[in-house]
Protein chains: 2
Amino acid sequence: MRLTTKGRFAVTAMLDLAMRGGKNPVTLAGISERQDISLSYLEQLFSRLRRHELVESVRGPGGGYYLARPLAEVSVADIIRAVDEPIDATQCGGKENCLDEHRCLTHDLWTGLNAHIYDYLDNVTLATLVAKQDECKDKVLQDRRTSKITLAA
Amino acid sequence: MRLTTKGRFAVTAMLDLAMRGGKNPVTLAGISERQDISLSYLEQLFSRLRRHELVESVRGPGGGYYLARPLAEVSVADIIRAVDEPIDATQCGGKENCLDEHRCLTHDLWTGLNAHIYDYLDNVTLATLVAKQDECKDKVLQDRRTSKITLAA
DNA sequence: GGAATAGTTGACTGAAACGCTCGGGAATTT
DNA sequence: AAATTCCCGAGCGTTTCAGTCAACTATTCC
């Protein structure tokens, strides 16, 4: 498991898709503008997302991307797995020939940690995030209402 | 939070230190040999670990490194924080001026995920890992005893 | 049919990070 | 003095990141 801004971009984009995605497909151009991510970079990311069957595409005018599955069935881990293909940090390349205690050390340690991180990220779905996002939006609106704020200049 | 092989190397090295560290300091040369990590690279990693006060050094013959704290007080997150200094994935650079829903989206999402991952890794200490490692060693020995094995050539 | 839209693909690029080497230190022990 | 070990900085080849550019195909609308 790797964790870089690449994965973050992908999740952000997917979340944008999740929040706009009703009947109509969402264009990359729109996501690019709203989330301030380069269009061409998005194309690369979505190319991988499509190959991993997380999204479906519609070409031509009025086209764009759909989520290929219900919100609750797309986890953050899925997305990260799709764009950040994993490297094996074990020295023996995932083979089972590490009877030596030192090898076993590196090996077991990271497969274990990986498993736990995935375990967590597997249980955070787009549905979860959308729900949180709505909370956040409400909070912002509320803050505005109580006029705690802002933009002094 | 970033998660790369760099952090893994550091944790592996610290675990080696944890398992050998009694009264005597442990040399980087030893860790290098046992864990098959470049000595110079280890020096760089330990330079950061020392600056973050996770280890203490003793120079001269018979010198090496000690853990600066008890096993149970060094978490995997500490180690990763020490060697992999974090990048902020938020576009506004951690500022609080993201009232806009789009900014809030990226922002809240990743700070939340980060927090959870750290939360997990903060609770995995060297003590935890050493315990697991001992289990593993026992299992290997047991496998050898029951002669399931191995090394056919 | 032709134009416009929008995805699809591939090649390429500058900058950064990774993983590592090398060389020269400075402290400490024998 | 010599050996050992940590300490530090400069540099280097490779990979990945993040992004650009250009050419393409499929679809819709006129």
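Kindly report on the nonpolar core, identifying the contributing residues and their values.
The biggest cluster of nonpolar side chains holds 74 residues, and the ones touching the most others in it are Phe46 of chain A together with Phe46 of chain B. What Phe46 of chain A contacts, discounting residues up to four positions off in sequence, is Ala13, Leu17, Leu28, Ile31, Val55 and Tyr65 of chain A.

Describe the packing of helix H1 (residues 5–20) of chain A against helix H4 (residues 76–83) of chain A, naming the residues involved and giving the relevant values.
Residue and element names in this part refer to chain A. Viewed as axis vectors pointing N to C, H1 and H4 meet at an angle of 125°, and their least axial separation amounts to 9 Å. Between H1 and H4, the angle is such that the two are oblique. Note that H1 runs across H4; the crossing there is right-handed. Side by side, H1 and H4 meet where Lys6, Gly7, Ala10, Val11 and Met14 of the first sit next to Val76, Ile79, Ile80 and Val83 of the second. In the contact of H1 with H4, the residues fall into seven nonpolar, one polar and one charged.

Quick rundown of the pattern of salt bridges? Include the residues and the values.
According to the stated counting rule, one finds eight salt bridges over all chains in the structure shown. The shortest N-O distance in the salt bridge between Asp16 of chain A and Arg34 of chain A comes to 2.8 Å. With Asp16 of chain A in helix H1 and Arg34 of chain A in helix H2 (residues 28–35), this pair connects stretches of sequence that are 18 residues apart. As a salt-bridge pair, Arg69 of chain B and Asp78 of chain B come within 3.6 Å of each other at their nearest N and O atoms. Because the salt bridges share partners, they merge into one network encompassing Arg69, Asp78, Arg81 and Asp122 of chain A.

So, how was this worked out
- Residues numbered from 1 in each chain as written.
- Chains lettered and ligands numbered in written order.
- Predicted model: local features only at pLDDT ≥ 70, side-chain atom pairs only at ≥ 80, totals over all residues.
- Heavy atoms only, no water.
- Core = buried A, V, L, I, M, F, W, Y, C linked by side-chain atoms within 4.5 Å.
- Buried < 20%, exposed > 50% of the residue type's maximum accessible area, 1.4 Å probe, protein only.
- Contact = heavy atoms within 4.5 Å.
- Axes fitted to C-alpha atoms, helices over the stretch in contact; angles between N-to-C directions.
- Helix = DSSP H or I, 4+ residues; strand = E, 2+ residues; numbered from the N terminus.
- Parallel < 35°, antiparallel > 145°, perpendicular 65-115°, else oblique.
- Left-handed = near helix turned anticlockwise from the far one by under 90°.
- Nonpolar A, V, L, I, M, F, W, Y, C, P; charged D, E, K, R; others polar.
- Salt bridge = Lys/Arg side-chain N within 4 Å of Asp/Glu carboxyl O.

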